Amino acid sequence: MRIGVAPGNFRPESGGGYTFVTEVLDALLRAAPASRHRFIVFCDPATSAGAPPANVEFHAVRPSLLRDGLHALRYFSPLAGWLLGARSSIEHAAARRQVEVMWFLSGQGVVLDIPYVATVWDVQHRTHPWFPEVSAAAEWLKREHLHGELLRRAARVVTGTTVGAEQLGFFYQVPRERICLLPHPAPRVLEAPARPPAGVSGLQGERFFFYPAQFWAHKNHVNLLHALRLLGEQGLRPLLALSGSDKGNRAHVENAAREQGVLGQVRFLGFVSPAALAWLYRNALALVYPSFSGPENLPPLEAFAYGCPVALASYPGAREQAADAALYFDPADPAQLAATLKVLAEDGQARERLAARGRERLHGRTSDAFVAGVLAALDELEPVRRSWA
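The structure presented is a predicted model; accordingly, all values stated were derived computationally and were not measured. (Residues numbered from 1 in each chain as written. Predicted model: local features only at pLDDT ≥ 70, side-chain atom pairs only at ≥ 80, totals over all residues. Heavy atoms only, no water.)

(A) Broad picture of the side chain of Glu296. Note that Glu296 resides in the loop between β11 (286–289) and α12 (298–306). Owing to a relative accessible area of 14%, Glu296 belongs among the buried residues under this scheme. Here His184 takes part through its backbone nitrogen, which lies 3.0 Å from a polar atom of the side chain of Glu296. Those residues within four positions of Glu296 in sequence are excluded, and the remaining contacts are Gly160, Thr161, Pro183, His184, Gln321 and Arg365. (Helix = DSSP H or I, 4+ residues; strand = E, 2+ residues; numbered from the N terminus. Buried < 20%, exposed > 50% of the residue type's maximum accessible area, 1.4 Å probe, protein only. Polar contact = N/O pair within 3.5 Å; in protein donor to acceptor, adjacent residues only side chain to side chain. Contact = heavy atoms within 4.5 Å.)

(B) Local environment of unusual backbone geometry. With an omega of 5°, the peptide bond between Gly294 and Pro295 qualifies as cis. Tracing the backbone through its elements, the reader meets Pro295 in the loop between β11 and α12. Residue Ala138 is not a glycine yet carries a positive backbone phi of 65°. By the secondary structure assignment, Ala138 is in the loop between α6 (132–135) and α7 (139–153). Here Gln173, not a glycine, exhibits a phi torsion of approximately 55°, which is positive. Looking at where Gln173 falls in the secondary structure, it is placed in the loop between α8 (162–172) and β7 (179–181).

(C) Seen up close, the sheet that holds strand β5 (residues 116–119). Spatially, β3-β2-β1-β4-β5-β6-β7 is the arrangement adopted by the seven strands of the open sheet, whose pairing is parallel. Of all strands in the sheet, those with a lone pairing partner are β3 (56–58) and β7, marking the two edges. Taken pair by pair, the neighbouring strands of this sheet meet at an average axis angle of 20°, ignoring direction. Sitting on the sheet, helix α1 (residues 16–31) touches β1 (2–6), β2 (38–41), β3 and β4 (101–104), and the angle it makes with β3 is about 140°. (Pairing = 2+ DSSP bridges. Axes fitted to C-alpha atoms, helices over the stretch in contact; angles between N-to-C directions.)

(D) Examining the packing of α7 against α8 more closely. Contact geometry of α7 with α8 gives a least axis separation of 11 Å together with a crossing angle of 105°. Of the possible angle classes, the one that applies to α7 and α8 is roughly perpendicular. Between α7 and α8, the contacting residues are Glu144, His147, Gly148, Leu151 and Arg152 on the first element and Leu168, Phe171 and Tyr172 on the second. Grouping the amino acids of the contact of α7 with α8 by side-chain chemistry returns four nonpolar, two polar and two charged. (Parallel < 35°, antiparallel > 145°, perpendicular 65-115°, else oblique. Nonpolar A, V, L, I, M, F, W, Y, C, P; charged D, E, K, R; others polar.)

(E) Structural context of the packing of aromatic side chains. In this structure the tally under the stated criterion is 11 aromatic pairs. Measuring from ring centre to ring centre gives 5.4 Å for Phe20 and Phe370, while their planes differ by 80°; the resulting arrangement is edge-to-face. Placement of the pair is Phe20 in helix α1 and Phe370 in helix α16 (residues 367–385), with a sequence separation of 350 residues. We classify Phe370 as buried; its relative accessible area is 4%. Taken together, a centroid distance of 6.0 Å and an interplanar angle of 10° make the contact between Phe208 and Trp279 stacked. Here Trp279 lies in helix α11 (residues 274–283) and Phe208 lies in strand β8 (residues 208–212), a separation of 71 residues in the sequence. Ring pairing ties together the aromatic residues Phe20, Trp121 and Phe370, which thus form one cluster. It is Arg126 that lies over the ring of Tyr172; its NZ or CZ is 5.4 Å from the centre. (Phe/Tyr/Trp six-rings, centres within 6.5 Å; stacked < 30°, edge-to-face > 60°. Lys NZ or Arg CZ within 6 Å of the ring centre and 35° of its normal.)

(F) Local environment of the sheet that holds β8. The strand order across the open sheet formed by six strands is β10-β9-β8-β11-β12-β13, and the pairing between neighbours is parallel. The two strands at the open ends of the sheet, each matched to only one other strand, are β10 (266–270) and β13 (327–329). Each strand axis lies, on average, 25° off the axis of its neighbour in the sheet, ignoring direction. Pairing of strand β12 (residues 310–313) with β13 involves three bridges; the strand directions are parallel. By the bridge assignment, Leu312 is partnered in β13 with Tyr328. Helix-sheet contacts for helix α9 (residues 221–233) involve β8, β9 (239–243), β10 and β11, and the interaxial angle to β9 is about 170°.

(G) The environment of Arg229, seen in detail. Summarising the element assignment, Arg229 is placed in helix α9. In this structure Arg229 comes out as partly exposed when scored by relative accessible area, which is 27%. Residues Arg229 and Glu259, 30 residues apart in the sequence, show an inter-C-alpha distance of 10.0 Å. Not counting residues up to four positions away in its chain, the partners in contact with Arg229 are Gln260 and Val262.

(H) Molecular detail of empty space enclosed by the protein. Per the stated rule, a full pass over the model turns up two cavities of 30 Å³ or more. What the largest cavity holds in volume is close to 50 Å³. For the largest cavity, the full set of lining residues is Thr19, Phe20, Glu23, Val24, His184, Pro185, Ala186, Pro187 and Leu298. Here the element with the most residues in the lining of the largest cavity is α1; it accounts for four residues. For the lining of the largest cavity, a count of residues per class yields six nonpolar, two polar and one charged. Around the second largest cavity sit Val120, Trp121, Asp122, Val123, Thr159, Gly164, Gln167, Leu168 and Pro295, which together line it. No other element matches α8, which puts three residues into the lining of the second largest cavity. Tallied by class, the residues present in the lining of the second largest cavity amount to five nonpolar, three polar and one charged. (1 Å grid on protein atoms, 1.4 Å probe; cavity = no way out; pocket = protein on both sides within 12 Å on 5 of 7 lines; lining within 4 Å. Points joined across faces, edges and corners; volume = space filled by probe spheres on them.)

Written out as C-alpha cells, the structure reads:
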C-alpha cells in the first residue's frame, strides 16, 4: 500500500510532542526497509535525522488558509462542506500522491475520506473541560467537532493505556476492536554533561526538585508551590526548577510563588536545551509531576530513563504507566504532595529504589516497538483497502 504519514506541526519548544514525533519518525525510517509498503511522509525532510530508505519519500505540505478554512466548515455544516467540495491541505496532498491509507502519527489529525489511523494522546477537553486551554475562545467546541468525527471514522485509533481506550469508548463510542493499545515509547537517553549547561548553572551543588511542563493551567504549578511552602514550614527548603514554554499561565504562577513566599526557591528556566534537560534529570532529587491530566505523560518516562526518582500525580492512567516506580499523591492536595516530597528529600534509599524500578519499567517501551505495532495494524488493513481503487 501507499501509506501517508502525517507527523503534525511540532517545534522543539513543543516539548514532549516534538520528542515523540521525531523519535517515532526515526524508528519508522529504521523499520521501513523491511516493509512491503511505500511511505509518503508529509513534512520537511529536515524533521528526521537520517536519510530516507528507498521506499520512503518526504513531501512538505504548505498549509492553505482558504483550503483549510473551507474544509473546516464540514465540522460545523456538513452540507456546506459537501457543496464546497473542499479538501484540507493534507488531504489534497495525499490525493495527489495516491495515498491509500494515512497514519496521523501524533495527536494532530483531520478527517479524511480514505482510511486512516489516528493517534490519540488524551481527550482532555472531555475529562477536564473547565481548563482555559481546552475551553477558552471556542477551543472546546473546535476539539469536540474534530474528535467527534475524526475518532468515529478512524479505521484504527492508537492510544497508550487501557484508561485511554476506555475514555475513547465512553466519550466517542470507538469499538474496542478498532483501538490499538501501544504504550508511549520512552525517549532516547542523552549523555548528561558533567558541568551544568548555560541556563541551569545556578543549580549546581543545590538540592532541587524538577518539573518540566509548559505553563498551562492543567499542569498544576500553583498547588506545587503551596506544597513547597508547607515543606518550608517543616524546615525543608529545596529549590524547584521549572522548565517549559509560557502558554499564558506563567505570570499567574510567578504571582502565586510570591504570595506563598517561595519565589526565592523557584528557578524559572524557560525552554531548555536537550543537554540541559539531561543534566536536570541526572541531578534532581526527583521529578515531581503534579499534572491533573493523563492518561500518559512523557516526563515520567524521561525520568525513568535518566535514573531520576518520580513523584507522580494520581490522575487516571498514572499507575498503569508507572506502576510501583513512582510515589503517588493527590494533585489537588498540597499537604499530601508536600509529604511525598519530604520522603524524597530525606530518604536516599527510597530514591534509589524508585530509580531502579523506573529503569525496569522501561523494558520494551521503545519507539521501534511502537512503530512495529502501528505497522502491524496497517498490515491488517491491507486486505480491506485493496477492495477498491
